[in-house]
Amino acid sequence: MAGLAMVMFIALFTFGGQYFGWTDPGGWIQLSLVSSFIFGIICGFRVKD
């Protein structure tokens with residue numbers, strides 16, 4: 001499951017603008033993708049322990 005999440009994150013991060021057609025000149029969408037991925041990892045480790 002973690003591998004699938006990693007692949008989906010990389011795909012959205014690199015090709016999300018082309019696929020969904022969003023424009024992100026300030027980088028806010030990519031910042032939100034990175035932060036949500038990091039917070040998901042943190043929450044996953046906290047629940048696992």
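Refer to the structure above for everything that follows.
Residues numbered from 1 in each chain as written. Predicted model: local features only at pLDDT ≥ 70, side-chain atom pairs only at ≥ 80, totals over all residues. Heavy atoms only, no water.

**Points about the overall build of the protein**
Our working rule: Here a strand is any run of E in DSSP of at least two residues, a helix any run of H or I of at least four, and the numbering for each starts at the N terminus. Only protein chains enter the accessibility calculation, which uses a 1.4 Å probe; a residue whose area is less than 20% of its type maximum is buried, one above 50% is exposed, and one in between is partly exposed. Here the Shrake-Rupley method, with its probe set to 1.4 Å, supplies the accessible areas, and only the displayed protein chains count as covering residues.
Across its full length, the protein carries two helices and zero strands. Dimensions of the protein, computed from C-alpha atoms along their principal axes, come out at roughly 40 × 20 × 10 Å. Out of the 49 residues belonging to the protein, those deemed buried represent 8%. Looking at the protein as shown, the accessible area adds up to about 4200 Å², and 74% of this sits on carbon and sulfur atoms.

**Some thoughts on a nonpolar patch on the surface**
Spelled out, the test is: What makes a patch is a set of residues exposed beyond 30% relative accessible area and free of salt bridges, joined within 9 Å when like-charged and within 5 Å when nonpolar (Val, Leu, Ile, Met, Phe, Trp, Tyr). One speaks of a salt bridge when a side-chain nitrogen belonging to Lys or Arg is within 4 Å of a carboxyl oxygen belonging to Asp or Glu.
A grouping of Met 1, Leu 4 and Met 8 is seen on the molecular surface, where their side chains present a nonpolar patch of about 400 Å² in accessible area. Secondary-structure assignment places Met 8 in helix 1 (residues 2-20).

**A look at the packing of aromatic side chains**
For the record, the criterion: Each Phe, Tyr or Trp ring (for Trp, its six-membered ring) is paired with any other whose centre lies within 6.5 Å, and the angle between the two planes then decides the class: stacked below 30 degrees, edge-to-face above 60, tilted in between.
In the structure shown here, the tally under the stated rule is four aromatic pairs. On the basis of an interplanar angle of 15 degrees and a centroid distance of 4.5 Å, the ring pair of Phe 9 and Phe 37 is categorised as stacked. One end of the pair, Phe 9, is in helix 1; the other, Phe 37, is in helix 2 (residues 28-48), and 28 residues separate them in sequence. With a relative accessible area of 17%, Phe 9 lands in the buried category. Judged by centre distance (4.9 Å) and plane angle (85 degrees), the rings of Tyr 19 and Phe 20 are edge-to-face. Residue class for Phe 20 comes out exposed when judged on its relative accessible area of 52%. An aromatic cluster of three or more residues is present, and its members are Phe 9, Phe 13 and Phe 37.

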